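Below, each chain spelled out in residue letters.
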Amino acid sequence: MKPDAAFRCGLVAVVGRPNVGKSTLINALLGQKVTIVSEKPQTTRNRIRCIYSDEKAQIVFIDTPGIHLPHHKLGEFMVETARRALEEVDLICYVVDASDRHIGPEDERILAFLKETVRPVFLVVNKVDHLKKGQTFWQAVELYQDRVASAEILPLSARVGTNLDLLLDKVVERLPAGPPLYPDERIMDHPELFLAAEIIREKILLLTREEVPHSVAVEIEAFQTPDEYPERDVAYIRAAVHVERPGQKGIIIGRGGAMLREIGTLARAGLEEMLQEKVFLELFVKVRQDWRKSDRDLKRFGYRQ
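Note that the structure is predicted; figures quoted are calculated from it, not measured.

Some points on the overall build of the chain
Moving on, step 1. Counting its regular elements, the chain contains 9 helices and 9 strands.
Moving on, step 2. Relative to the compact-globule value of 19 Å for 305 residues, the chain shows a C-alpha radius of gyration of 20 Å, a close match.
Moving on, step 3. Seen through its principal axes, the chain has C-alpha atoms that stretch 55 × 45 × 40 Å.
Moving on, step 4. Burial statistics for the chain: of 305 residues in total, 52% are counted as buried.
Moving on, step 5. Here the contacts in the chain between residues at least 6 apart in sequence split such that 73% fall between residues at least 24 apart.
Moving on, step 6. For the chain, the exposed surface amounts to about 14,700 Å²; the carbon and sulfur share of it is 48%.

Put into structure tokens, the structure is as follows:
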């Protein structure tokens, strides 16, 4: 791509409380999976730069953890990660749910952050496809429009694809002129190693309940592809699944190893889709007592600034 003088490029933070569809929105905008999704809150833990490029612009969407009320050091890291993202961008997309009928404590905290910013804010009202007969997205807009100075109000559905092109057009209008920050082929700023660990964690989120999925960290111990190791005819990935309690380890493994095999089957399919080649996946489960409260463990697993 050789941008002309009219080419635009900038950073856009996507913020909101847990489970409003931030990651689903970014995946839909890019047309491929760059960040994991789950119905469980607090799925995204890191700040991830996801890169949309066309002939007119490059938009670097920053997927942020859902802003919530933290109960441990991992939660504090996630909230601070989201807050800091607001300081480095050209535009903020504040994602809310079209079915919202009151403002909860998590959104109150986000609104307090937004009150301090000088960046333009788009109020993105997601999940309009979930509205029941007689409901409109304006009921949600009325909650927020007096609390945040919105440069744009955009109803959409990330799941169905409603108004995604409109959002892209409006975002590009607000970006500064300038060359792209990344090559055309880049879609995220993290290496394959990171996404591999996230895909495994996504399958654990899908298959487990209550506190178990939130107590999991995935560490890639080996990542070998045929390109790097010609003696291999498939990619080899070995990953450790860390939990906080022996009981959680038992749940992840399951009776006779059934749960771990199911996690492995789903994760392998996701990894093969990512790498576009066959994968041999080995999973091990280890206990690291209260790792979410340990600065040392958070740094080890990539959850420190």
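A look at the nonpolar core
Moving on, step 1. Counting residues in each nonpolar core, the largest one holds 58 residues, and the members touching the most others are Leu 25, Ile 59, Phe 61, Leu 167, Val 171, Ile 200 and Ile 252.
Moving on, step 2. The dominant element in this core, judged by the number of residues it contributes, is helix α6 (residues 192-207), at 8 residues.
Moving on, step 3. Once residues within four sequence positions are removed from consideration, Leu 167 is found in contact with Leu 25, Leu 29, Cys 93, Phe 122, Val 124, Leu 154 and Leu 156.
Moving on, step 4. By size, the runner-up hydrophobic cluster in this structure holds 29 residues, among which are Ala 13, Leu 114, Val 148 and Tyr 182.

Quick notes on the pairing of strand β2 (residues 48-53)
Moving on, step 1. Where β2 and strand β3 (residues 57-63) come together, 6 bridges link them in antiparallel fashion. In the strand pairing of β3, Tyr 52 is matched with Ile 59.
Moving on, step 2. The hairpin formed by β2 and β3 contains 3 residues between the paired strands.

Side note on the pairing of strand β8 (residues 235-243)
Moving on, step 1. Of all 9 residues in β8, 8 are buried; the element is thus mostly enclosed.
Moving on, step 2. Of the pairings in the sheet, the one linking strand β7 (residues 217-224) to β8 comprises 7 bridges and is antiparallel in character. Bridging from a neighbouring strand, Phe 223 pairs with Ile 237 of β8.

Some remarks on the packing of helix α7 (residues 246-253) against helix α8 (residues 258-275)
Moving on, step 1. The N-to-C vectors of α7 and α8 enclose an angle of 65 degrees; their axes lie 5 Å apart at closest approach. Along the contact surface, α7 presents Ile 251, Ile 252 and Ile 253, while α8 presents Ala 258, Met 259, Leu 260 and Ile 263.
Moving on, step 2. Residues of the contact of α7 with α8, tallied by class, amount to 7 nonpolar, no polar and no charged.

What about the side chain of Asp 100?
Moving on, step 1. Here Asp 100 shows up in the loop between β4 (91-97) and α3 (105-115).
Moving on, step 2. A polar contact is formed between the side chain of Asp 100 and the side chain of Arg 17, at a distance of 2.6 Å.
Moving on, step 3. Among the polar contacts made by the side chain of Asp 100, one reaches the side chain of Tyr 144 at a distance of 2.7 Å.
Moving on, step 4. Discounting residues that sit within four places of it in the chain, Asp 100 has contacts with Arg 17, Gln 139, Ala 140, Leu 143 and Tyr 144.

Reading the values: the criteria
Residues numbered from 1 in each chain as written. Predicted model: local features only at pLDDT ≥ 70, side-chain atom pairs only at ≥ 80, totals over all residues. Heavy atoms only, no water. Helix = DSSP H or I, 4+ residues; strand = E, 2+ residues; numbered from the N terminus. Rg over C-alpha atoms; globule rule 2.2 N^0.38 Å. Buried < 20%, exposed > 50% of the residue type's maximum accessible area, 1.4 Å probe, protein only. Contact = heavy atoms within 4.5 Å. Areas by Shrake-Rupley, 256 points an atom, 1.4 Å probe, with all protein chains shown as cover. Core = buried A, V, L, I, M, F, W, Y, C linked by side-chain atoms within 4.5 Å. Pairing = 2+ DSSP bridges. Axes fitted to C-alpha atoms, helices over the stretch in contact; angles between N-to-C directions. Nonpolar A, V, L, I, M, F, W, Y, C, P; charged D, E, K, R; others polar. Polar contact = N/O pair within 3.5 Å; in protein donor to acceptor, adjacent residues only side chain to side chain.

Keep in mind these numbers describe shape, not what the thing actually does.
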